[in-house]
Amino acid sequence: MLKKILLVLALLLLAAGGVVFYLWNQATALPEWYEDPSSAPAGADQTWVLVPDAEGSGEQGPKTYEMRGFHKNIGGMAKARKAVKASRARRRGDQLEAGMVVDMGELDNAELSQSDNDFLTRARKAFPALSDRDVYIGVEDRPGKDGLSSAAKLRVGDLTYPLSDVATKLGLSEPELRRQLNRELAKMNANQPGS
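Computed from a predicted structure; not experimentally measured. (Residues numbered from 1 in each chain as written. Predicted model: local features only at pLDDT ≥ 70, side-chain atom pairs only at ≥ 80, totals over all residues. Heavy atoms only, no water.)

Where burial is concerned, most of strand 5 (residues 134–141) is hidden: six out of the eight residues are buried. Note: strand 4 (residues 95–103) against strand 5, eight bridges, orientation antiparallel. Bridged to Asp-103 within strand 5 is Asp-134. As defined by bridge partners, strand 5 adjoins strand 6 (residues 153–156) across four bridges and the pair is classed as antiparallel. Each bridged residue has a counterpart across the sheet, and for Gly-138 the counterpart in strand 6 is Arg-155. (Buried < 20%, exposed > 50% of the residue type's maximum accessible area, 1.4 Å probe, protein only. Helix = DSSP H or I, 4+ residues; strand = E, 2+ residues; numbered from the N terminus. Pairing = 2+ DSSP bridges.)

A separate point is helix 4 (residues 174–187). The end-to-end C-alpha separation of helix 4 is 20 Å, in line with the 20 Å expected for 14 residues at 1.5 Å each. For helix 4, the full list of buried residues reads Leu-177, Arg-178, Leu-181, Asn-182 and Leu-185. Each buried residue of helix 4 lies within a common arc of 135 degrees when the element is viewed along its axis, so the set occupies one face. For helix 4, the N-terminal capping position is held by Ser-173, with its side-chain oxygen 3.1 Å away from the main-chain nitrogen of Glu-176. (Expected span 1.5 Å × (residues − 1). Arc of directions from axis to C-beta. Polar contact = N/O pair within 3.5 Å; in protein donor to acceptor, adjacent residues only side chain to side chain.)

Pairing is antiparallel in the open sheet, where seven strands are placed in the order 1-2-3-4-5-6-7. The two strands at the open ends of the sheet, each matched to only one other strand, are strand 1 (49–51) and strand 7 (159–162). Across the sheet, the axes of successive neighbouring strands diverge by a mean angle of 25 degrees, strand direction being ignored. As paired strands, strand 2 (residues 64–68) and strand 3 (residues 84–92) are joined by five bridges and run antiparallel to one another. Bridge pairing links Tyr-65 to Arg-91 in strand 3. (Axes fitted to C-alpha atoms, helices over the stretch in contact; angles between N-to-C directions.)

Laid out in structure tokens, this is it:
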């Protein structure tokens, strides 16, 4: 009987370890478009560029626009810019995905404004395992003229979270988090691709 109990416990521990490993890999996954900044080719940065359709795809649909390096457009990020390795925003029709690969270990609380410092401290408490590594953090939505919708999601690696859940983890209200994200999206001109 004791052997059966030990075997069941061992299997449960193995399964729990597998789940933790899977979630860790999902949370730390970097996007396929990310390249080491030192090896990235020079190109159009910080402006919306029309992405050609895949050759021979024959797809007729909304056009896709992309902007790389949008974090360089955001003036308030000057002190934190060294931590951002790359950024990309992509608009296809009304669907927006915008995010950055950030080296969380490079973010120095002493160099940030008080509000950014408070936000970073809350983020590190909410996601402590991601503190000292490259992490993709982005937002996905079909924003309207007033900004992000109630269906907006925050992406960390390959995991997505509703804004309400993220706001709760960060100790913010959902409208407050949405306002902060809308301000940043406005700074990068996210609603005006191709202009």
